[in-house]
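# Understanding the architecture of this molecule
Next come the chains, spelled out residue by residue.
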Amino acid sequence: MTKTILSLALFFLLVQPAAALGADIVGPDARVVNTEILVSAGLSLDEKNLTDLKNGISKEITFYIDLFRVWKAWPDEFIAGKKIVQTLKSDPIKKEHVATSLDGSTFIEKRFKSFDSMISWALNIKDLRLTHVRELQQSEYFVRVTVESRLRKLPPVLGYLLFFVPENDFKVIKDSPALPMGSEK
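Residues numbered from 1 in each chain as written. Predicted model: local features only at pLDDT ≥ 70, side-chain atom pairs only at ≥ 80, totals over all residues. Heavy atoms only, no water.

## Regarding the nonpolar core
Side chains that are nonpolar tend, in soluble globular proteins, to be buried together. Judged by nonpolar contacts, the single largest core of 36 residues is most densely connected at Leu 43, Ile 65, Leu 88 and Val 147. Apart from the residues within four sequence positions on either side, Leu 43 is in contact with Asp 24, Ile 25, Ile 61, Phe 63, Leu 123, Asn 124, Val 147, Phe 170 and Val 172. (Core = buried A, V, L, I, M, F, W, Y, C linked by side-chain atoms within 4.5 Å. Buried < 20%, exposed > 50% of the residue type's maximum accessible area, 1.4 Å probe, protein only. Contact = heavy atoms within 4.5 Å.)

## Topic: the packing of aromatic side chains
Scanning the model with the defined rule gives 3 aromatic pairs in all. Taking 5.8 Å as the distance between ring centres and 75° as the angle between the ring planes, the aromatic pair formed by Phe 68 and Phe 78 counts as edge-to-face. On the criterion of sequence distance, the pair formed by Phe 68 in strand β3 (residues 59-69) and Phe 78 in strand β4 (residues 77-91) is long-range, its members being 10 residues apart. Assessed through its relative accessible area of 47%, Phe 78 is described here as partly exposed. Between the aromatic rings of Phe 68 and Phe 142, the centroid separation amounts to 5.4 Å while the plane-to-plane angle is 15°, which identifies the pairing as stacked. Placement of the pair is Phe 68 in strand β3 and Phe 142 in strand β8 (residues 139-150), with a sequence separation of 74 residues. (Phe/Tyr/Trp six-rings, centres within 6.5 Å; stacked < 30°, edge-to-face > 60°. Helix = DSSP H or I, 4+ residues; strand = E, 2+ residues; numbered from the N terminus.)

## A word on the side chain of Gln 86
Checked against the element boundaries, Gln 86 lands in strand β4. A distance of 2.8 Å separates the side chain of Gln 86 from the side chain of Ser 101, its partner in a polar contact. Beyond its immediate chain neighbours, meaning those up to four positions away, Gln 86 contacts Lys 59, Glu 60, Ile 61, Phe 63, Thr 100, Ser 101, Trp 121 and Ala 122. (Polar contact = N/O pair within 3.5 Å; in protein donor to acceptor, adjacent residues only side chain to side chain.)

## A word on the environment of Ser 105
Following the sequence through the fold, Ser 105 ends up in the loop between β5 (96-102) and β6 (107-112). For the pair Ser 105 and Ile 84, spaced 21 residues apart in sequence, the C-alpha to C-alpha distance is 10.0 Å.

## Considering the confidence of the model for the protein chain
Regions with low pLDDT should not have their predicted coordinates read in detail. Overall, the predicted model of the protein chain reaches an average pLDDT of 79, with 77% of residues at or above 70. Mean pLDDT values for the elements of the protein chain range from 45 in helix α1 (residues 2-15) up to 90 in β3. Counted against residues more than four places away or in other chains, residues 4-20, with its pLDDT under 50, gives 14 contacts. (pLDDT = per-residue confidence, 0-100.)

## A few points about helix α3 (residues 115-122)
Looking at α3, one finds that the buried residues are Phe 115, Met 118, Ile 119 and Ala 122. Here the buried residues of α3 occupy an arc of 100° about the axis, which is enough to place them on one side. (Arc of directions from axis to C-beta.)

## Description of helix α2 (residues 47-54)
When α2 is considered as a whole, its buried residues turn out to be Asn 49, Leu 50, Asp 52 and Leu 53. End-on view of α2: buried residues confined to an arc of 160°, all on one side of the axis. Among the residues trailing α2, Gly 56 stands out with phi positive, at a value near 100°.

## Topic: the sheet that holds strand β7 (residues 124-132)
A sheet is described by the order of its strands in space; here 3 strands give the open sequence β1-β2-β7, paired in antiparallel fashion. Single-partner strands in this sheet number two, and they are β1 (24-33) and β7. In this sheet, adjacent strand axes meet at a mean angle of 20° when their direction is disregarded. Note that strand β2 (residues 36-44) and β7 share 6 bridges and pair antiparallel. Bridging from a neighbouring strand, Ile 37 pairs with Thr 131 of β7. (Pairing = 2+ DSSP bridges. Axes fitted to C-alpha atoms, helices over the stretch in contact; angles between N-to-C directions.)

## A few points about the pattern of salt bridges
Taken as a whole, this structure holds 9 salt bridges when the rule is applied. The salt bridge partner of Lys 48 is Asp 52, with a shortest N-O separation of 3.2 Å. Placement of both Lys 48 and Asp 52 in helix α2 is noted, with a separation of 4 residues, approximately one turn of the helix. Of the residues examined, Lys 48 reaches a relative accessible area of 44% and is grouped as partly exposed. Across the pair Arg 144 and Asp 175 runs a salt bridge, and its minimum N-O distance is 2.8 Å. Remark: Asp 175 occurs in strand β9 (residues 168-175) and Arg 144 occurs in strand β8; sequence separation between them is 31 residues. Shared partners join several salt bridges into a network, and the residues in it are Asp 29, Arg 31 and Asp 127. (Salt bridge = Lys/Arg side-chain N within 4 Å of Asp/Glu carboxyl O.)

Okay, structure coming up:
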């Protein structure tokens, strides 16, 4: 029984797709404008993911934009965050490209004639309002952008049993430079 489980685990480790090494986060650029923190970031995909999209394989890419407070002796404190789910679909026969964006409250669906314009719209986040500075205490903060693309969604029980089967195509994380902000209370 254990030999069978070990051989299955070894098989799945050898057969699993390699992580997309070319996916990278551009930015993030976090700045304070008036009383709000605005974040801009983007994702550059590698050639394999772009080819998959052009050939009609849809991708769901999730952006997590989180604000953290820096602590010297403790782990960094999560303050606020936003989640944006971008779904990209291409139809090579119709030469039509569809992208949807869901940020929790707003759903946007756009159709494109150009693949490059769809990629530019869906993988770049410009001036996202994260939170107000007035609500923050005096300290240093940074913005962490995490982007992941899911390969498959396993049911919870199977996910625990088949822990060696990857669920993500890629997952990249990048932090902004520290931002001193907040007001004395």
